[in-house]
Amino acid sequence: MTQKIVRCVAPALALAVVFSGCSKKDQTAVVAATAPQETVFAVNTYVVAAENLDEYLEFGGDVVAASSVDVMPDTSGKLTDIRVKVGDYVERNQILARVDPSRPGMTYETSPIRAPVAGTITSFPVSMGSMVAPSMSIAKISSTSKLEVDISVAERFVSRIEVGQAALLTFDAYPGEVFTAKVAEVNPVLDTTTRSMGVKLVLDPPDNRIKIGMYCRVKLITESKADVVAIPRSAILTRSGQDTVFVVNGGAVELRPITVGITVDDMVEVVSGLVSGNEIVMSGQTLLDSGSKVNVVGRQQGGN
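These lines cover the structure that appears in this document, whether it is placed above or below.

Conventions adopted
Residues numbered from 1 in each chain as written. Predicted model: local features only at pLDDT ≥ 70, side-chain atom pairs only at ≥ 80, totals over all residues. Heavy atoms only, no water. Pairing = 2+ DSSP bridges. Helix = DSSP H or I, 4+ residues; strand = E, 2+ residues; numbered from the N terminus. Phe/Tyr/Trp six-rings, centres within 6.5 Å; stacked < 30°, edge-to-face > 60°. Lys NZ or Arg CZ within 6 Å of the ring centre and 35° of its normal. Core = buried A, V, L, I, M, F, W, Y, C linked by side-chain atoms within 4.5 Å. Buried < 20%, exposed > 50% of the residue type's maximum accessible area, 1.4 Å probe, protein only. Contact = heavy atoms within 4.5 Å.

Focus on the sheet that holds strand 5 (residues 89-90)
- If you walk across this open sheet you meet the four strands as 3-10-8-5, and the pairing is antiparallel. Each edge of the open sheet is held by one strand with a lone partner, namely strand 3 (68-71) and strand 5.

Concerning the sheet that holds strand 4 (residues 77-80)
- Spatially, four strands are ordered 7-6-4-9 in an open sheet, and the strand pairing comes out antiparallel. A single partner strand is all that each edge strand has here, and the edge strands are strand 7 (111-114) and strand 9 (131-132).
- Where strand 4 and strand 6 (residues 95-100) come together, three bridges link them in antiparallel fashion. For Thr 80, the partnering residue across the bridge sits in strand 6 and is Arg 98.

Digging into the packing of aromatic side chains
- Tallying each qualifying case throughout the model produces two aromatic pairs.
- Grouping aromatic residues by their ring pairs yields a cluster made of Phe 171, Tyr 174 and Phe 179.
- Cation over ring: Arg 209 sits above Tyr 174, and NZ or CZ is 4.9 Å from the ring centre.

Details of the nonpolar core
- Ranked by internal contacts, the top residues of the largest apolar core, which has 24 residues, are Val 149, Leu 169, Phe 171, Val 199, Leu 201, Ile 210 and Val 218.
- Taken together, the elements giving at least two residues each to this core come down to strand 2 (50-65), strand 11 (147-154), strand 12 (166-171), strand 13 (179-191), strand 14 (196-203) and strand 15 (215-232).
- For Val 199, the residues in contact, after removing those within four places along its chain, are Val 149, Asp 150, Ile 151, Val 153, Ile 161, Val 183 and Glu 185.
- Within the second largest apolar cluster, 20 residues are counted, among which are Ile 258, Val 264, Val 270 and Met 282.

Thoughts on the pairing of strand 19 (residues 259-264)
- Of the pairings in the sheet, the one linking strand 19 to strand 20 (residues 267-272) comprises four bridges and is antiparallel in character. Along strand 20, the bridge assignment pairs Val 260 with Val 270.
- Between strand 19 and strand 20, which pair antiparallel in sequence order, lie two residues; one of them, Asp 265, sits at a positive phi of approximately 55°.

Notes on the side chain of Glu 55
- Looking at the element boundaries, Glu 55 is found in strand 2.
- With a relative accessible area of 19%, Glu 55 lands in the buried category.
- In this structure Glu 55 touches Arg 160, Leu 220, Ile 221, Thr 222, Glu 223, Ile 262 and Val 264, once residues within four positions along its chain are discounted.

Remarks on the environment of Ala 49
- With respect to the helices, strands and loops of the structure, Ala 49 is situated in the loop between strand 1 (40-47) and strand 2.
- Looking at Ala 49, the relative accessible area reads 13%, which means it is buried.
- A C-alpha to C-alpha distance of 9.6 Å links Ala 49 and Glu 279, two positions 230 residues apart in sequence.
- When near neighbours in sequence (up to four residues on either side) are disregarded, Ala 49 contacts Val 228, Val 229, Ala 230, Ser 276, Gln 301, Gly 302 and Gly 303.

All quantities given are derived from atomic positions and should not be read as evidence of function.
Pasting the structure below:
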């Protein structure tokens, strides 16, 4: 029993001798070397500012003429004397071609085919000598001065569509350019086969660079909010079922709960919990806790 006591006390006495033999300066160095180091986390931050958010739905659309009329002959026979081609502008009652109704052994006077309306010939699929009939369309006349964009809206989005809504259009022919349009007509009846609703948009303002038959990508704006607090989606963490962000305050962070609203692309509306001017951690926050020390290595200003 006595031996065990001596073995335990001896190291302690040795340590005491070491300290007693050191100067006060040496003792301070030993304590500093053994003190725990405080962790500082490198983070990127986002300075909150007022933003404008436009919530939208995306569709594909086709450019069509606002009005288009089929041209049909009055009689059956062989098509002769074609006087127009695709792209020509014609006046109402202008003769487009003639039909020869003659039969073997019987010769008849040719019958003119006239334009029922003024417009541009956008289709003329038949050629000289083709046999035509009154039930057959030989051409299409369209009004190219006013164009529309046809889109189909899935049934689940029907309640969010109304006349007058704004839309943004992009075309492969004009990369980087955005054209504006408005909802002009909403079909009151859904297609039972596709379970979708037809919607027509009109270019506002018109642009003569847009051609019939072009395909466009449509962003139909369903809700607009001005001067709201919005932050990047990446800044939000969910802890215990609550949306939270880390707010930077004097070199440390504070975990703060928030209430979110609409989401547009990678930006999320914050209904409560933040105000303009707050600086929040945008990346590097997964290891943080409330009170953690941070070093801001990158800062992004909101509202740009």
